[in-house]
Amino acid sequence: MVGRNVRLRRGDESQEGLVRRLSQHGLDWSVPKLAALERGEREHVMIEEVVLLAATLGLPLAELLATEEGEVIRLSPTATGTATATVSTIVDGKRAEGLHTPLSLAAPGTEPLTVPMKAVRQLARELGREPAEVERAARAVWDERTFWQEREQRLQMATTPIDTARTLSAKRGRITRTMSADLRAYLEAGKGKR
């Protein structure tokens, strides 16, 4: 259901374009992962991913979760429901009026809505810290740039005209590992607040 709706609402935008926009908001997806979702091959999508997909596409959450009349959603191997019931459950049984409003990635005067990228979540888990602490450390180390912004800046500086998707992926991986090591040293030296 979510994949079908993403495919329909993506319109003429390429999968690569949508993946690029998602990554700007911290959702570290690949084109094959998006393609699998759109083909209905991914049975499970985390709520954070659904929210960021809806917000990036400028859709109300209810529209991304919309089903055909009477269509049943498989919630688990033993539970099913309709989209209306599922959306109501997500909001604790309260009226789901807010789910019919397009989502914004940043409300006025607030921080942008983000899901920490995979590298940040992994480093936080390894250090026994929260992802938000790791992102704060990244901003302290890299002149207010997030982990993702710093990585993309470094990748842009390292990119050559003859790079292929494979070499760019390898460069991105090396840069991510180097940056993770830098943040690890910073946090372990006690410079990041606990």
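Residues numbered from 1 in each chain as written. Predicted model: local features only at pLDDT ≥ 70, side-chain atom pairs only at ≥ 80, totals over all residues. Heavy atoms only, no water.

1. Regarding the packing of helix H8 (residues 131–141) against helix H10 (residues 165–188)
Going by this rule: Helix axes are fitted to C-alpha atoms over the stretch in contact, other axes to C-alpha atoms as well, and angles between N-to-C directions run from 0 to 180 degrees. Numbering of helices and strands runs from the N terminus, with a helix taken as a DSSP run of H or I at least four residues long and a strand as a DSSP run of E at least two residues long. Angles are sorted into four bins: roughly parallel if under 35 degrees, roughly antiparallel if over 145, roughly perpendicular if 65 to 115, and oblique for all others. Residues count as neighbours in contact if any of their non-hydrogen atoms are within 4.5 Å of one another. Just so you know the grouping, Ala, Val, Leu, Ile, Met, Phe, Trp, Tyr, Cys and Pro go in nonpolar, Asp, Glu, Lys and Arg go in charged, and all remaining residues, Gly too, go in polar.
Running from N to C, H8 and H10 point in directions that differ by 100°, and their axes come no closer than 10 Å. For the element pair H8 / H10, the angle class is roughly perpendicular. In this structure, H8 uses Val134, Ala137, Ala138, Ala140 and Val141 to contact H10, whose residues at the interface are Leu183, Tyr186 and Leu187. Considering only residue class, the contact of H8 with H10 consists of eight nonpolar, no polar and no charged.

2. Quick word on the pattern of salt bridges
This is how it is decided: Salt bridge, as used here, is a side-chain nitrogen of Lys or Arg placed within 4 Å of a carboxyl oxygen of Asp or Glu. Relative accessibility thresholds used throughout: buried, under 20% of the residue-type maximum; exposed, over 50%; partly exposed, between the two (1.4 Å probe, protein chains only).
Taken as a whole, this structure holds 13 salt bridges when the rule is applied. The salt bridge involving glutamate 152 is made with arginine 151; its shortest N-O contact spans 3.2 Å. Glutamate 152 sits in the partly exposed class, given a relative accessible area of 22%. Its salt-bridge partner being arginine 172, residue glutamate 152 comes within 3.7 Å of it at the nearest N-O pair. In this pair, glutamate 152 sits in helix H9 (residues 147–158) while arginine 172 sits in helix H10, placing the two residues 20 residues apart along the sequence.

3. Digging into unusual backbone geometry
Most peptide bonds take the trans configuration, and most residues that are not glycine carry a negative phi. We note that aspartate 143 has phi near 50°; this positive angle belongs to a residue other than glycine. You can see aspartate 143 is positioned in the loop between H8 and H9. Under the relative-accessibility criterion, aspartate 143 is labelled exposed at 61%.

4. Remarks on the nonpolar core
Selection criterion: For the purposes of this section, nonpolar cores are sets of buried Ala, Val, Leu, Ile, Met, Phe, Trp, Tyr and Cys residues that join through side-chain atoms within 4.5 Å.
Counting 18 residues, the largest nonpolar core has Val2, Val6, Trp29, Leu34, Leu37, Leu53 and Leu64 as its most contacted members. Taken together, the elements giving at least two residues each to this core come down to helix H1 (2–10), helix H2 (15–24), helix H3 (31–38), helix H4 (47–57) and helix H5 (61–64). Looking at this core, the element that brings in the most residues is H4, giving five residues. The contact partners of leucine 53, leaving out residues within four places of it in the chain, are Val2, Val6, Leu22, Trp29, Leu37 and Leu64. Within the second largest apolar cluster, 15 residues are counted, among which are Ala119, Val120, Leu127 and Met179.

Any functional reading would require information beyond the geometric quantities listed.
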